[in-house]
Amino acid sequence: MHRITVIDTHTGGEPTRVILAGGPELQGDTLAARRECFRSQFDHFRRAVNCEPRGSDVMVSALLCPPIDASCVAGVIFCNNVGYLGMCGHGTIGVGVTLGHLGRIAAGRHVLDTPVGKVPFEYDGRHTVALENVASYRAAANITTQVAGLGKITGDVAWGGNWFFLVRDHQETLELHNVPRLTDVALRIKAALRQQGITGDNGAEIDHVELFGPPQHPGNHSRNFVLCPGGAYDRSPCGTGTSAKVACLAADGKLSPGEIWRQESILGSVFEASFQQQGSAILPRIAGQAHVTAEATLLVDDQDPLAWGVGG
Ligand code: PYC
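Novice: Help me understand the overall build of the protein, please; the structure alone is not making it clear to me.
Specialist: Counting secondary structure elements, the protein contains five helices and 15 strands. For 312 residues, the compact-globule formula gives about 20 Å, and the C-alpha radius of gyration of the protein, at 19 Å, lands near that figure. In terms of overall dimensions, the protein has a C-alpha envelope of 55 × 45 × 35 Å along the principal axes. Within the protein, contacts between residues at least 6 apart in sequence are counted, and of these 62% link residues at least 24 apart. For the protein, the distance from the average position of its 25 positive side-chain charges to the average position of its 31 negative side-chain charges is 2 Å.

Right, here's the structure in full:
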């Protein structure tokens with residue numbers, strides 16, 4: 001029997017499963033090299049933790065590993081039901097709150113080592129984490145794509161730690177009851193981008209689609225629906241997606257450095273974002289809350305025909 005110790009949290013509704021023990025020993029001199037080792041040699045472990053019957057298509061896991069840089073509080077590699085994420089904003093908030101829950105960090109400033117760089121964060125000692133995301137930028141504005149069943153859709157391509165296509169001009173209602181339709185629309189847009197060769201830099205696949213609309217709460221600036229790579233929607237406002245949004249607002253001169261942008265999710269949960277300019281890119285700051293939902297040991301029984309997960 002293989003035992004995996006985890007702590008589950010949710011950040012504005014989106015789950016994060018932090019893997020504390022029982023994970024693979026990853027080789028590599030950088031977190032990016034270790035993620036490659038994870039992907040090439042231990043992908044069955046990712047499936048066991050994230051996919052059914054222990055996980056679901058909405059689960060994001062964070063494998064804790066020793067940091068390369070000893071000044072960092074931990075190394076972390078994010079993965080989900082279909083693969084590996086560059087960065088994960090809601091997941092970073094979940095990791096911060098988990099480390100606080102375990103007594104491994106106190107309130108204050110800490111740094112995580114990730115495959116896409118160092119991610120500093122501020123922990124309030126309770127439920128709030130404010131992270132300084134990797135440099136984010138808009139790669140292309142007003143790109144029009146012909147989408148099957150929808151016609152022409154125009155959006156921006158931006159990097160916020162993952163690649164996003166951000167769409168404002170659509171006819172959809174951003175309400176929870178409309179999630180099946182929103183998922184279908186976002187999947188069609190993603191397919192159109194792929195077919196028409198619209199990518200991020202260096203041909204990178206745009207694997208997140210983000211639709212925007214007016215907020216429901218008057219204190220917020222916008223509401224979003226974010227489709228994640230595995231086909232599930234982000235229950236939170238999406239930390240990397242909010243970073244990509246803020247990069248577009250900054251590029252359009254609609255948000256100034258230090259000004260607050262309150263991004264509401266399809267559930268109504270909120271991330272508070274701001275940025276500092278760094279050359280032609282921005283450094284986003286994303287703040288949100290996470291809550292612990294479980295301390296658990298996952299069991300993987302080699303006698304079980306579905307021991308290492310279904311699908312993925
Ligand atoms: O919060 O950055 C995020 C994220 C990415 C995928 C799911 N959540």
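Novice: Would you take a moment to explain helix α1 (residues 31-41) for this structure?
Specialist: Residue pairs spaced three or four apart in an α-helix point in one direction, given the helix's 3.6 residues per turn. Along α1, the residues that are buried comprise Leu-31, Arg-34, Arg-35, Cys-37 and Phe-38. Down the axis of α1, the smallest arc covering the buried residues is 155°, so these residues share one side.

Novice: Sorry if this is basic, but what is going on with the pairing of strand β1 (residues 2-11) here?
Specialist: The side chains of a regular strand alternate between the sheet's two faces. Sheet topology note: the β1/strand β15 (residues 281-300) ladder contains 10 bridges and is antiparallel. By the bridge assignment, His-10 is partnered in β15 with His-291. Both β1 and strand β2 (residues 14-21) contribute to a ladder of seven bridges, which runs antiparallel. Bridge pairing links Asp-8 to Arg-17 in β2. The hairpin formed by β1 and β2 contains two residues between the paired strands, and Gly-12 there has a positive phi angle of roughly 55°.

Novice: What is the right way to look at the environment of Leu-193 in this model?
Specialist: Tracing the chain through its elements places Leu-193 in helix α4 (residues 179-195). As a C-alpha pair, Leu-193 and Phe-275 span 82 residues in sequence and 28 Å in three-dimensional space. Leu-193 has contacts with Thr-145, Phe-165, Ile-198 and Ile-206, leaving out every residue within four places of it along the chain.

Novice: Sorry, what's going on with the site of the ligand here?
Specialist: All residues in the neighbourhood of the ligand are listed as Glu-14, Cys-88, Gly-89, His-90, His-208, Cys-228, Asp-234, Cys-238, Gly-239 and Thr-240. When the ligand sits alone it has 240 Å² of accessible area, and the protein chains cover 99% of it. Counting only elements with at least two residues in the shell around the ligand, the list comes to α3 (89-101) and α5 (239-251). Class assignment for the residues of the shell around the ligand results in three nonpolar, five polar and two charged.

Novice: Help me understand the pairing of strand β11 (residues 208-213) in this model?
Specialist: With six of six residues buried, β11 is to be regarded as a mostly interior element. Judged by which residues are buried, β11 turns out to be covered on both faces: His-208, Glu-210 and Phe-212 on one side and Val-209, Leu-211 and Gly-213 on the other are all buried. With four bridges joining them, strand β10 (residues 163-167) and β11 adopt parallel strand pairing. What sits directly across from Val-167, in β11, is Leu-211. Taken together, β10, α4 and β11 constitute a β-α-β crossover, and its handedness is right-handed. Across five bridges, the pairing between β11 and strand β12 (residues 222-227) is antiparallel.

About the thresholds
- Residues numbered from 1 in each chain as written.
- Predicted model: local features only at pLDDT ≥ 70, side-chain atom pairs only at ≥ 80, totals over all residues.
- Heavy atoms only, no water.
- Helix = DSSP H or I, 4+ residues; strand = E, 2+ residues; numbered from the N terminus.
- Rg over C-alpha atoms; globule rule 2.2 N^0.38 Å.
- Contact = heavy atoms within 4.5 Å.
- Lys, Arg positive; Asp, Glu negative; His and termini not counted.
- Charge placed at Lys NZ, Arg CZ, Asp CG, Glu CD.
- Buried < 20%, exposed > 50% of the residue type's maximum accessible area, 1.4 Å probe, protein only.
- Arc of directions from axis to C-beta.
- Pairing = 2+ DSSP bridges.
- Near = heavy atom within 4 Å.
- Areas by Shrake-Rupley, 256 points an atom, 1.4 Å probe, with all protein chains shown as cover.
- Nonpolar A, V, L, I, M, F, W, Y, C, P; charged D, E, K, R; others polar.
- Right-handed = clockwise from strand over helix to strand, strands pointing away.

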